[in-house]
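Below are the chains, spelled out letter by letter.
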Amino acid sequence: MTERAVRLIVLGKQGSGKGTQCVRVAAHYGIPHISTGDMLRAAVNSGSGLGARVRATMEAGELVSDDIILEVIRARLSEPDAAGHGFVFDGFPRTVGQADRLDEVLAPAAIDAVASLEIPTEVVVARIAQRRTCASCGRVYSLTAPPRVQWVCDFCGGEVVQRADDTEEAVARRLALYDTQTAPLTARYRDLGALVPVDATGTVDEVAARLIAAVDARLAADEVGA
Ligand SMILES: [Zn+2]
């Protein structure tokens with residue numbers, strides 16, 4: 001039996017646990033967890049010509065264009081850990097346009113599954129409203145997992161506070177915007193038969209088990225169809 005590549009995208013609103021679940025899925029399938037933000041930072045630090053263009057864009061306070069993001073992704077996917085093995089994308093694609101471009105980069109291969117972490121807005125709002133962040137180093141705590149000394153950061157001694165954009169209204173506004181922006185993307189992958197909705201309520205272990213089972217089912221269905 002040949003080991004097949006696993007090409008995944010995980011979609012989820014802020015507070016859905018997306019980053020944590022991407023780490024779990026990457027470890028399970030032995031594939032790299034590719035976050036757009038990390039990748040752009042790595043490109044800048046690499047000192048490559050592409051990295052210099054990314055740095056210039058960021059320093060000018062401009063959004064990095066789809067052209068540059070796709071170029072960074074193409075380079076990342078050709079590295080040995082991803083080439084032939086697959087990947088899990090975290091935070092990409094964000095738009096239908098980016099998804100179309102990604103398909104071109106991957107052809108003749110294709111995305112195997114797009115897992116959508118489904119969680120009720122009120123659960124996320126409650127979760128984020130509990131969040132507290134170190135004003136100095138950005139380390140995240142919560143009312144249920146506070147620093148050892150309240151409210152002093154365990155790592156840097158900074159003050160741990162509720163960020164202004166973590167209030168209930170601010171969170172509700174961001175989530176509504178996310179839903180509006182993401183609806184065309186989820187519709188696109190649903191039409192392609194690649195969308196895998198996953199119930200994201202419960203513990204990290206419970207969600208990870210559901211997510212992996214759903215992706216496995218989708219990969220198995222693909223093999224039958226092939
Ligand atoms: Zn700190």
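That block above? That's the structure.
Residues numbered from 1 in each chain as written. Predicted model: local features only at pLDDT ≥ 70, side-chain atom pairs only at ≥ 80, totals over all residues. Heavy atoms only, no water.

Now for the sheet that holds strand β7 (residues 160-161). In space, the three strands of this open sheet follow the order β6-β5-β7, with antiparallel pairing throughout. Pairing within the sheet leaves two strands with one partner each, and these edge strands are β6 (140-142) and β7. (Pairing = 2+ DSSP bridges. Helix = DSSP H or I, 4+ residues; strand = E, 2+ residues; numbered from the N terminus.)

Take helix α1 (residues 18-29) next. The terminal C-alpha atoms of α1, which comprises 12 residues, lie 16 Å apart, in line with the 16 Å expected from a rise of 1.5 Å per residue. Buried within α1 we find Lys18, Gln21, Cys22, Val25, Ala26 and Tyr29. Looking straight down α1, one finds its buried side chains confined to an arc of 140 degrees; they lie on one side. Of the residues flanking the end of α1, it is Gly30, one or two places downstream, whose phi is positive at about 65 degrees. (Expected span 1.5 Å × (residues − 1). Buried < 20%, exposed > 50% of the residue type's maximum accessible area, 1.4 Å probe, protein only. Arc of directions from axis to C-beta.)

Let us look at the packing of helix α2 (residues 36-46) against helix α4 (residues 66-77). The N-to-C vectors of α2 and α4 enclose an angle of 85 degrees; their axes lie 10 Å apart at closest approach. Between α2 and α4, the angle falls in the class roughly perpendicular. The segment α2 lies against α4, with Thr36, Met39, Leu40 and Ala43 engaging Ile69, Val72, Ile73 and Arg76. When grouped by side-chain class, the residues that make up the contact of α2 with α4 number six nonpolar, one polar and one charged. (Axes fitted to C-alpha atoms, helices over the stretch in contact; angles between N-to-C directions. Parallel < 35°, antiparallel > 145°, perpendicular 65-115°, else oblique. Contact = heavy atoms within 4.5 Å. Nonpolar A, V, L, I, M, F, W, Y, C, P; charged D, E, K, R; others polar.)

Here the zinc ion is held by Cys134 (SG), Cys137 (SG), Cys153 (SG) and Cys156 (SG), and the distances to it run 2.3 Å. Geometry at the zinc ion is tetrahedral, judged from the four donor atoms that bind it and their angles of 99 to 116 degrees at the metal. Here the donor residues for the zinc ion map to a single chain with the spacing C-x2-C-x15-C-x2-C. Linking Cys137 in the loop between β5 (131-134) and β6 with Cys156 in the loop between β6 and β7, this pair joins segments that are 19 residues apart in sequence. (Donors = N, O, S within 2.8 Å, 3.2 Å for Na, K, Ca; no water. Tetrahedral: all angles 85-135°; square planar, octahedral: opposite > 155°, others 65-115°.)

Okay, the pattern of salt bridges next. Oppositely charged side chains can form a pair if their charged atoms are brought close together. Going through the model one piece at a time under the given rule, you end up with 17 salt bridges. Among the salt bridges present, the one from Asp38 reaches Arg41, with a minimum N-O distance of 2.9 Å. In this pair, Asp38 and Arg41 are both assigned in helix α2, three residues apart and thus about one turn of the helix distant. Within the structure, one salt-bridge network assembled from shared partners comprises Arg131, Arg163, Asp165, Asp166 and Arg174. (Salt bridge = Lys/Arg side-chain N within 4 Å of Asp/Glu carboxyl O.)

In β5, alternate side chains face the same way, and those of Arg131 and Thr133 on one face and Arg132 and Cys134 on the other are all buried. Where β5 lies against β6, three bridges are found, and the strand directions are antiparallel. In the sheet register, Arg132 faces β6, and the bridge partner there is Tyr141. The pairing of β5 with β7 spans two bridges and is classified as antiparallel. Note on β7: the bridge partner recorded for Cys134 is Val160.

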